[in-house]
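Next come the chains, spelled out residue by residue.
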Amino acid sequence: MKALCWHGKKDVRCETVPDPRIEEPCDAIVKVTSCAICGSDLHLFDGFMPGMMEGDILGHEFMGEVVEVGPGNKKLKVGDRVVVPFTICCGECDQCRRGNWSVCERSNRNKSLAEKVFGHTTAGLFGYTHLTGGYPGGQAEYVRVPYADVAPVKVPAGLTDEQVLFLGDILPTGWQAAVQCEIEPADTVAVWGAGPVGQFAVRSALMLGARQVVAIDRLPDRLSMAAACGALTINFEEESVLERLAELTGGKGPEKCIDAVGLEAHVPRSLDSLYDRAKQALMWESDRAHVLREMIYACRPAGILSIPGVYGGVVDKIPFGAVMNKGLTIRTGQTHVNRWAEDLLRRIEEDQIDPSFVVTHTVGLEDGPQMYETFRDKHDGCIKVVMKPGVSSRATFDERPRS
Ligand code: NAD
Ligand code: ZN
Ligand code: ZN
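Let me sum up the structure you'll find in this document. Source: prediction; values computed, not measured.

Considering the packing of aromatic side chains
Then, in step 1: Applying the stated rule across the entire model yields four aromatic pairs.
Then, in step 2: Taken together, a centroid distance of 5.5 Å and an interplanar angle of 80° make the contact between Phe200 and Phe357 edge-to-face. Taken as a pair, Phe200 in helix H6 (residues 196-207) and Phe357 in the loop between helix H12 (337-349) and strand S17 (361-364) lie far apart in primary sequence, 157 residues in all.
Then, in step 3: A residue is classified by how much of its surface remains accessible, and Phe357, at 24% relative accessible area, is partly exposed.
Then, in step 4: The structure contains a cluster of three or more aromatic residues connected by ring pairs, namely Phe166, Phe200 and Phe357.
Then, in step 5: Above the face of the Tyr135 ring, Arg109 is positioned so that its terminal group lies 4.1 Å from the ring centre.
Then, in step 6: Here the basic side chain of Lys378 rests over the ring of Phe375, its NZ or CZ set 5.1 Å away from the ring centre.

Here is the structure:
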């Protein structure tokens, strides 16, 4: 089959690899009809996350049709249409039973590695480093889904792939980020990053009743997309984030702040960013923490910092004195997809939200390597890339108007 494979920093290739096989009784093999490139994949592409190996199959946002099931799997049958959450969950451990799906205690095949780095294991993830199990990902024609009787979400035929695909990752991620803010009607929610995760965080915060939501980025097309649903916007290259947030909140700062940027924060003219880049380049610091610092400074005392943005290792110069003295609450984590997926599927069916609005590019798998660059560089108005394995790009998509 064809799959997108990681071969080192900035080197993704579309290659022919062996088809996956059922390995455990509860496995399923899914024929991928749609998959996407996530902001988290960019951290692998840019070489910031440790633990990838040459030839690893990428991709953790995918859906498709079940073509084979193991003998122990009582939930799925051949022909089912499923969205597969990026978190692999056993469904039986203490954390799964508490609904803390992204920290499943059993699904990571490389537990001891994760324990060394994080103190405890976290869940296995598709296509996301050997620290989280080294499972082949879903940017491929077929994928093996372990514990496939637990996390996969069956979806009805009436909805398009683009409407439900993001249920496996970025939609619940934006939603969880907003839920973790415990939004009250008078709240201002500031969202750093208007990428796909930021877009869903903005819409979720509005759906959950925030008085005003402010999207912060430097890319006009992303800010316009956020403004289209009623968010206020700040272009951080054109105005001061801190001054503008103060203006919008009577000088008090937002009660709730969401970091939908993560470890590759961009701030060209700021001193702390130069410092971070230098340290990152010298491997003294693994993550760039500019957004964390700005949120801590901007957030109103007794407020909440919600951090879906991914950090992989060590950050320094975090003003923890401000966190402590202002009494800020920090909530973060990989998303507990199955905690939210059913409710969000119902909201999609009821037309409360149609996640397909983020898609700007639809291509075949062989254009994936190029699309990693386009998405990373935010070229060509790229906000979200969907790939259709098994369909040739040029034949099918070039003539289509972009949605
Ligand atoms: P993306 O790269 O498309 O979006 C990031 C956005 O942040 C870009 O639009 C960029 O211009 C903006 N940005 C950069 N520096 C900024 C700054 N200083 N201030 C404000 N905005 C800034 O990626 P995405 O797909 O939207 O993902 C965002 C983050 O969420 C990534 O770190 C990704 O790994 C993470 N993520 C986490 C989970 C989870 O389970 N917690 C799931 C999916 C994605
Ligand atoms: Zn992701
Ligand atoms: Zn578990």
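Here the narrative resumes.
Focus: the environment of Asp367
Then, in step 1: Tracing the chain through its elements places Asp367 in the loop between S17 and helix H13 (368-377).
Then, in step 2: Here Asp367 falls in the buried class, since its relative accessible area comes to 14%.
Then, in step 3: Taking the C-alpha atoms as reference, Asp367 lies 9.5 Å from Arg13; in sequence the two are 354 residues apart.

Notes on the layout of surface pockets
Then, in step 1: Approximately 760 Å³ is the volume found for the second largest pocket.
Then, in step 2: In terms of lining residues, the second largest pocket is bounded by 31 residues, among which Phe118, Tyr311, Thr332, Gly333 and Gln334 are the most central.
Then, in step 3: Of all the secondary structure elements, the ones that give two or more residues to the lining of the second largest pocket are helix H10 (290-298), strand S15 (304-307) and strand S16 (329-332).
Then, in step 4: Per-class residue counts for the lining of the second largest pocket are 19 nonpolar, 11 polar and one charged.

Brief notes about the side chain of Asp259
Then, in step 1: Mapped onto the elements, Asp259 comes out in strand S14 (residues 256-259).
Then, in step 2: Despite its burial, Asp259 pairs with no opposite charge, the nearest such side chain being Arg293 at 11 Å.
Then, in step 3: Within the structure, the side chain of Asp259 is placed 2.8 Å from the backbone nitrogen of Val261, a separation counted as a polar contact.
Then, in step 4: If sequence neighbours within four positions are ignored, Asp259 has contacts with Trp192, Val291, Leu292, Met295, Ser306, Ile307, Pro308, Gly309 and Tyr311.

Some thoughts on empty space enclosed by the protein
Then, in step 1: Per the counting criterion, the structure on display carries two cavities of 30 Å³ or more.
Then, in step 2: Volume-wise, the largest cavity comes out at about 40 Å³.
Then, in step 3: Lining the largest cavity, in full, are Val84, Pro85, Thr87, Ile88, Cys89, Phe126, Val145, Pro146, Tyr147, Ala148, Ala151 and Pro152.
Then, in step 4: Residues that form the lining of the largest cavity fall into these classes: 11 nonpolar, one polar and no charged.
Then, in step 5: The volume enclosed by the second largest cavity comes to roughly 40 Å³.
Then, in step 6: Every residue lining the second largest cavity is listed: Thr173, Gln176, Ala177, Gln180, Ser306, Ile307, Pro308, Thr332, Gly333 and Thr335.
Then, in step 7: Those elements giving two or more residues to the lining of the second largest cavity turn out to be helix H5 (170-179) and S15.
Then, in step 8: Among the elements that line the lining of the second largest cavity, the one with the most residues is H5, at three residues.
Then, in step 9: Looking at the lining of the second largest cavity residue by residue, the classes come out as three nonpolar, seven polar and no charged.

Conventions used here
Residues numbered from 1 in each chain as written. Chains lettered and ligands numbered in written order. Predicted model: local features only at pLDDT ≥ 70, side-chain atom pairs only at ≥ 80, totals over all residues. Heavy atoms only, no water. Phe/Tyr/Trp six-rings, centres within 6.5 Å; stacked < 30°, edge-to-face > 60°. Helix = DSSP H or I, 4+ residues; strand = E, 2+ residues; numbered from the N terminus. Buried < 20%, exposed > 50% of the residue type's maximum accessible area, 1.4 Å probe, protein only. Lys NZ or Arg CZ within 6 Å of the ring centre and 35° of its normal. 1 Å grid on protein atoms, 1.4 Å probe; cavity = no way out; pocket = protein on both sides within 12 Å on 5 of 7 lines; lining within 4 Å. Points joined across faces, edges and corners; volume = space filled by probe spheres on them. Nonpolar A, V, L, I, M, F, W, Y, C, P; charged D, E, K, R; others polar. Lys, Arg positive; Asp, Glu negative; His and termini not counted. Salt bridge = Lys/Arg side-chain N within 4 Å of Asp/Glu carboxyl O. Polar contact = N/O pair within 3.5 Å; in protein donor to acceptor, adjacent residues only side chain to side chain. Contact = heavy atoms within 4.5 Å.

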